[in-house]
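Geometric and topological summary
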Amino acid sequence: MPTSTRRMDARFAGVPKLVRDGVSVETSLSEEEIVQRANELARRFYAIRGYSAGEGYRFDQATNPHEVECWDMAVEAFDYIACTDEEGGKAGG
């Protein structure tokens, strides 16, 4: 799947693939905690770019292109770390 399509898909769903697809991975995090951590990671990416966002800002609901890009990067990081594949969403792909 092309990167732009994957990013749009992740952005549309609003949560990392491991939550969207119900992937069973060893984690003690709830879906809400995963989204919260992805938002925290997006905030860090945003800071690397020289911007700041208030604590608790929801990057998963952003419309600003830079904020959306940071959310997409956070989603990609979670998907990569969880080793989910793009088609079946299975761990270990």
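For the structure itself, consult the block above.
Topic: the side chain of Asn39
- Mapped onto the secondary structure, Asn39 falls in helix 3 (residues 31-48).
- By relative accessible area, which is 4% here, Asn39 ends up buried.
- Within the structure, the side chain of Asn39 is placed 2.5 Å from the backbone nitrogen of Phe59, a separation counted as a polar contact.
- Setting aside residues up to four positions removed in sequence, Asn39 forms contacts with Tyr57, Arg58, Phe59, Asp60 and Trp71.

Let's talk about helix 4 (residues 65-81)
- Between its terminal C-alpha atoms helix 4 stretches 24 Å, which fits the 24 Å expected from 17 residues at 1.5 Å a residue.
- The set of residues buried in helix 4 consists of Glu67, Val68, Cys70, Trp71, Asp72, Ala74, Val75, Ala77, Phe78 and Asp79.
- With a side-chain oxygen lying 2.8 Å from the backbone nitrogen of His66, the N-terminal cap of helix 4 falls on Asn64.

The rules behind these values
Residue numbers run consecutively from 1 along every chain, following the written order of its sequence. Predicted model: local features are reported for residues with pLDDT of at least 70 only, side-chain atom pairs are reported and counted for 80 or more only, and whole-chain, interface and lining totals are derived from all residues. Water and hydrogen atoms were dropped before computing side-chain values, which therefore reflect all heavy atoms in the structure. The helix count covers DSSP runs of H or I at least four residues long, the strand count covers runs of E at least two residues long, and both are numbered beginning at the N terminus. Residue exposure (1.4 Å probe, protein chains only): buried if accessible area is under 20% of the type maximum, exposed if over 50%, otherwise partly exposed. Here a polar contact is taken to be a pair of N or O atoms separated by no more than 3.5 Å, where protein atoms must pair a possible hydrogen donor with a possible acceptor and residues adjacent in sequence count only if both atoms sit in side chains. We call two residues in contact when some of their heavy atoms are within 4.5 Å. Multiplying 1.5 Å by the helix residue count minus one yields the expected span of that helix.

Functional significance is not addressed by these values, which are geometric in nature.
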